[in-house]
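Reading the structure
So the chains spell out like this:
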Amino acid sequence: MKKFSVLFIVILGLCLFGCGTVPPEFLQSDYENNSVKSIGILELKDNSALNAETEITQEDFKNVENIVIEEVLNRDYDVVAPVQYKGSGINGVEDLTRSKIAEICEKEKVDAVLFSSISRYKDDFLGEHILQMNFKLYKANGDSIWVDKIELDKNGLPTFLLFVAGITVGSFAYPSDVVEPSTSTKLAFGLGAGVLGGLLAEGITNHISDAISERFGTLPEGVGNGKRIK
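Residues numbered from 1 in each chain as written. Predicted model: local features only at pLDDT ≥ 70, side-chain atom pairs only at ≥ 80, totals over all residues. Heavy atoms only, no water.

Right, let's get into the packing of helix α2 (residues 58-74) against helix α7 (residues 207-216). Running from amino to carboxyl end, α2 crosses α7 at an angle of 35 degrees, the nearest separation of the two axes being 10 Å. Every pair of crossing elements has a handedness; the one defined by α2 and α7 is right-handed. Here α2 contributes Val64, Ile67, Val68, Glu71 and Val72 to the contact with α7, which in turn contributes Ile208, Ser209, Ile212, Ser213 and Phe216. (Axes fitted to C-alpha atoms, helices over the stretch in contact; angles between N-to-C directions. Helix = DSSP H or I, 4+ residues; strand = E, 2+ residues; numbered from the N terminus. Left-handed = near helix turned anticlockwise from the far one by under 90°. Contact = heavy atoms within 4.5 Å.)

It is worth spelling out the packing of aromatic side chains at this point. Throughout the structure, instances matching the rule amount to three aromatic pairs. By the ring-pair criterion, three or more aromatic residues cluster together here, those being Phe135, Trp146 and Phe216. Stacked on the ring of Tyr85, the Lys or Arg Lys45 has its end atom at 5.5 Å from the ring centre. (Phe/Tyr/Trp six-rings, centres within 6.5 Å; stacked < 30°, edge-to-face > 60°. Lys NZ or Arg CZ within 6 Å of the ring centre and 35° of its normal.)

On to the pattern of salt bridges. As enumerated under the stated definition, the model contains eight salt bridges in all. A salt bridge links Glu25 to Lys149; the nearest nitrogen and oxygen atoms lie 3.3 Å apart. With Glu25 in the loop between α1 (2-17) and β1 (26-27) and Lys149 in strand β7 (residues 144-155), the pair connects residues that are 124 residues apart, well separated along the chain. According to the relative accessible area criterion, Lys149 is partly exposed, its value standing at 32%. When the shortest N-O distance is used, the salt bridge between Lys122 and Glu128 registers 3.1 Å. With a relative accessible area of 26%, Lys122 lands in the partly exposed category. Taking the relative accessible area as the measure of exposure, Glu128 reaches 32% and is therefore partly exposed. In the salt-bridge network here, residues are joined through shared partners; they are Glu25, Lys149 and Glu151. (Salt bridge = Lys/Arg side-chain N within 4 Å of Asp/Glu carboxyl O. Buried < 20%, exposed > 50% of the residue type's maximum accessible area, 1.4 Å probe, protein only.)

With that settled, consider the side chain of Ser116. Structurally, the position occupied by Ser116 is in strand β5 (residues 112-123). For Ser116, a relative accessible area of 2% corresponds to the buried category. Apart from residues lying up to four places away in sequence, Ser116 is in contact with Leu42, Glu43, Leu44, Lys45, Val68, Tyr85, Asn134 and Phe135.

When pLDDT is low, close inspection of the predicted coordinates is not appropriate. Looking at the protein, the pLDDT average stands at 83 and 75% of residues meet or exceed 70. Least confident of the elements in the protein is α1, whose mean pLDDT is 46; most confident is strand β2 (residues 38-42), at 98. Counting interchain partners and residues more than four positions distant, the pLDDT-below-50 stretch residues 1-11 has 13 contacts. (pLDDT = per-residue confidence, 0-100.)

We now examine unusual backbone geometry. The omega torsion of the bond from Ala81 to Pro82 falls at -10 degrees, within 30 degrees of zero and hence cis. Mapping Pro82 onto the fold places it in strand β4 (residues 78-83). Unusually for a residue other than glycine, Asp76 sits at a positive phi of about 70 degrees. With respect to the element layout, Asp76 can be found in the loop between α2 and β4.

Below is the structure:
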């Protein structure tokens with residue numbers, strides 16, 4: 001029983017924490033030899049209206065935009081954000097021509113421009129955690145230097161139930177050294193501990209923020225100071 005319990009908990013841990021960061025869709029081969037110091041982050045493009053069932057609220061939209069900005073800062077880039085579309089004469093990524101990118105970089109005094117868009121979003125407690133985003137980073141000369149995306153689609157309920165099951169099974173594997181508790185007592189204790197632990201784990205886990213942080217982990221560190229310059 002003990003071996004089974006340990007194996008079950010190990011499998012649970014792998015399900016909860018994954019197996020590492022997947023490389024980006026595209027990264028310029030000599031990026032690390034031509035590091036970027038400063039990035040102008042265009043305001044987040046909202047395409048969620050195209051998916052009415054997962055349309056994002058304004059509050060959640062601003063939260064995601066702020067997480068993106070913080071993640072870029074955490075990668076040691078100096079940041080100008082958010083750069084407004086209206087003031088830049090563009091409406092979306094299709095307007096980011098080489099000349100327009102150079103114009104934005106010159107105006108904002110940055111080395112690169114980051115475009116990001118969000119098309120699906122949902123974040124329900126013990127329910128669906130959905131995030132679909134795209135990122136494109138361009139140097140001042142118009143070269144695409146980093147492209148990545150997020151396709152998070154996770155249901156918190158199965159993970160919660162797996163957590164409860166793992167703790168419940170574990171409670172049977174480690175009996176008291178003093179008095180052997182009854183099966184019903186073990187079951188009650190295991191279920192109670194599992195439910196409490198599962199609710200706590202779901203409550204303190206920010207699936208949206210974690211998904212964004214994971215993808216920005218594929219972006220090499222910059223050579224700036226990680227500060228807002230505008």
